[in-house]
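# Fold and contact review
Here are the chains, one letter per residue:
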Amino acid sequence: MTDLAADFDGFYEREIAPWIEEKEAERKALASRATRRAVPLFAAGAFLFVLVSALMDDTGWRDLAYFVSFAVMGTGALQYTPVVIWGRAFAEELSEKIFGHFGYRYAPDAPPGFLDAFERCHLLPGYSRKKLEDHVSGEVNGVPFELAEAFLEKRVRRDKRDDYETVFRGIVARYRFPKRFSGRTILRSDQGLLNALAHSGVSGERVRLEDPRFEKHFEVFSNDQVEARYLLTPAFMERLSNLKENMQEPLQAAFEGDDLLIAIDGRRGYFSQPPIWKDLRGSGHIRRFVEDIALIRSIAGTLKLDAETRV
C-alpha cells in the first residue's frame, strides 16, 4: 500500500486536486441555486401544513390540504435533482481518472450476466434483487482481471409487509488463473456445525486436503478430485489462507473456465465517493478509494497469480 499511495500522491496533487477545486465551485453554485428555489417551497408547504392543522376541522378537506402541503414540499425537494445528477457524473469522472491512473478501465455498470459464473458456483447467497456497479477491468502484473461491486437483497416478510435485507455487499472478482483446468472446484467458507445446511446445492464431491489451517477456512467441492489437488497445491493453499486471514472478511472462491472467481462480502461500499452535500476537497475519501484499489493488487500478489504453472 505504501508504494501505491506514494505513486498516487504526485498524481493527486498534479491533476486531481486542481480538478476537484473547479468541481467544488460548480457544486456550490448548483447547490446554492437549488436551495434558493427549494426554500420558499419548503416554507410554503410547512406553513400550509401548520395552518391546516390549526384551523381546519373537516376531515376530507383537511386531508386534501395535507396532500397539497406535502406536494409543495416535495416539489421543493425536486429542486435538488440537478445536484444529484451532477453528483453522479462527477463520481463517474473521478472514478475514471483514478482507475485510469493505475491503468484500469472503469464503467459505472457491470455488463449483463456478470454474476452468472458466481451463481453457478454457489458463491453468492439467494437474493430477490441486485445492484451491480463500479465495473473495473485490466491487468495486475500481466494477470487479466475484472470485478464489480455487488449489492444483493432478499425479500422477507415483516409485520405483514414485504421488506428487504442485505445478504451480500462486496466485491465479485475474476482473475485469469495460470494453470489450465477443465473442471469446477469450489471453495466455500467453513460454516462449522452449519456446513451441511450452508453447502446444500453445491455441485461436486467434498475434497479432503491435508492442511488443517486451510480447512479451517474453506470447504472444498469439486467434480474432479485429482484436478482439485492439482490446483490446490500446498503453497497455494497457504497463500489462500494468508489472503483470508489478512482480509478478515468472508471470502469464497471457485475455479471455473480459465478463471479464479472470488467473492468478498465486506458488507460495505467500495471505491467510496465524496458526498455531494459537503465540500469535495477533503482527501479522506480519496485515500480510502486508493486503499480499495490496493486490494485488487493484493489479491493477485498474495496468491502469486502471475506465476507460471507452479502455483
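Here is a short report on the structure shown in this document.

Cut-offs and rules
- Starting afresh in each chain, residues are numbered from 1 along the sequence in its written order.
- The model is predicted, so local features are restricted to residues of pLDDT at least 70 and side-chain atom pairs to those at 80 or more, both for listing and for counting; the totals for chains, interfaces and linings are taken over all residues.
- Calculation of side-chain values draws on the structure's entire complement of heavy atoms; hydrogens and water are dropped beforehand.
- Throughout, an axis means a line fitted to C-alpha atoms (over the contacting stretch in the case of helices), and angles, computed between N-to-C directions, take values from 0 to 180 degrees.
- The way it works is that DSSP assigns letters per residue, a run of H or I at least four long becomes a helix, a run of E at least two long becomes a strand, and they are numbered from the N terminus.
- Should an angle fall under 35 degrees it is taken as roughly parallel, and over 145 as roughly antiparallel, whereas 65 to 115 is taken as roughly perpendicular and any remaining angle as oblique.
- When the near helix sits turned anticlockwise from the far one by under a right angle, the crossing is termed left-handed; a clockwise turn instead gives a right-handed crossing.
- Here, residues are in contact when the closest pair of their heavy atoms is within 4.5 Å.
- Throughout this entry, Asp, Glu, Lys and Arg are counted as charged residues, while Ala, Val, Leu, Ile, Met, Phe, Trp, Tyr, Cys and Pro are counted as nonpolar. The remaining residues, Gly among them, count as polar.
- Each residue after the first adds 1.5 Å to the expected span of a helix.
- Partly exposed residues are those whose accessible area sits between 20% and 50% of the maximum for their type, while under 20% is buried and over 50% is exposed, using a 1.4 Å probe and protein chains only.
- Here a cavity means grid points, on a 1 Å grid over the protein atoms only, where a 1.4 Å probe fits yet cannot get out; a pocket means an open set of points with protein on both sides within 12 Å along at least five of seven lines; lining residues are those with an atom within 4 Å of a point.
- Grid points are joined across faces, edges and corners, and a volume is the space filled by probe spheres set on the points.

## Considerations on the packing of helix α3 (residues 81–101) against helix α9 (residues 284–303)
At their nearest, the axes of α3 and α9 sit 11 Å apart, and the two run at 50 degrees to each other. As far as their axial angle goes, α9 and α3 are oblique. For the pair α3 and α9, the crossing hand works out as right-handed. Residues L94, S95, I98 and F99 of α3 form the contact with α9, whose own contacting residues are I286, F289, I293 and I296. Partitioned by chemical class, the residues of the contact of α3 with α9 number 7 nonpolar, 1 polar and no charged.

## A few points about helix α8 (residues 234–247)
Taking 1.5 Å of rise per residue, 14 residues should cover 20 Å, and α8 covers 20 Å from first to last C-alpha, within 8% of that figure. Along α8, the residues that are buried comprise F236, M237, R239, L240, S241, L243, K244 and M247. Of the residues trailing α8, Q248 is marked for its positive phi of about 55 degrees.

## Some thoughts on the layout of surface pockets
Taken as a whole, the largest pocket holds about 610 Å³ of empty space. As for the largest pocket, its lining consists of 25 residues, of which A91, K131, E133, D134 and Q273 are closest to the centre. Contributions of two or more residues to the lining of the largest pocket are made by α3, β2 (129–140) and β3 (143–158). For the lining of the largest pocket, the element with the most residues is α3, which contributes 7 residues. Looking at side-chain class alone, the lining of the largest pocket contains 12 nonpolar, 5 polar and 8 charged residues.

## With respect to empty space enclosed by the protein
One water molecule sets the probe size; rolling that probe over the atoms shows where empty space is left. One pass over the full model with this rule turns up 1 cavity of 30 Å³ or more. Counted as a void, the largest cavity has a volume near 40 Å³. As for the largest cavity, its lining consists of L147, I171, Y175, F271, D292, L295, I296 and I299. Sorting the residues of the lining of the largest cavity by element identifies β4 (161–176) and α9 as the ones contributing at least two each. Among the elements that take part in the lining of the largest cavity, α9 stands out by supplying 4 residues, more than any other. For the lining of the largest cavity, a count of residues per class yields 7 nonpolar, no polar and 1 charged.

Everything listed here is a matter of coordinates, which is why it stays silent on function.
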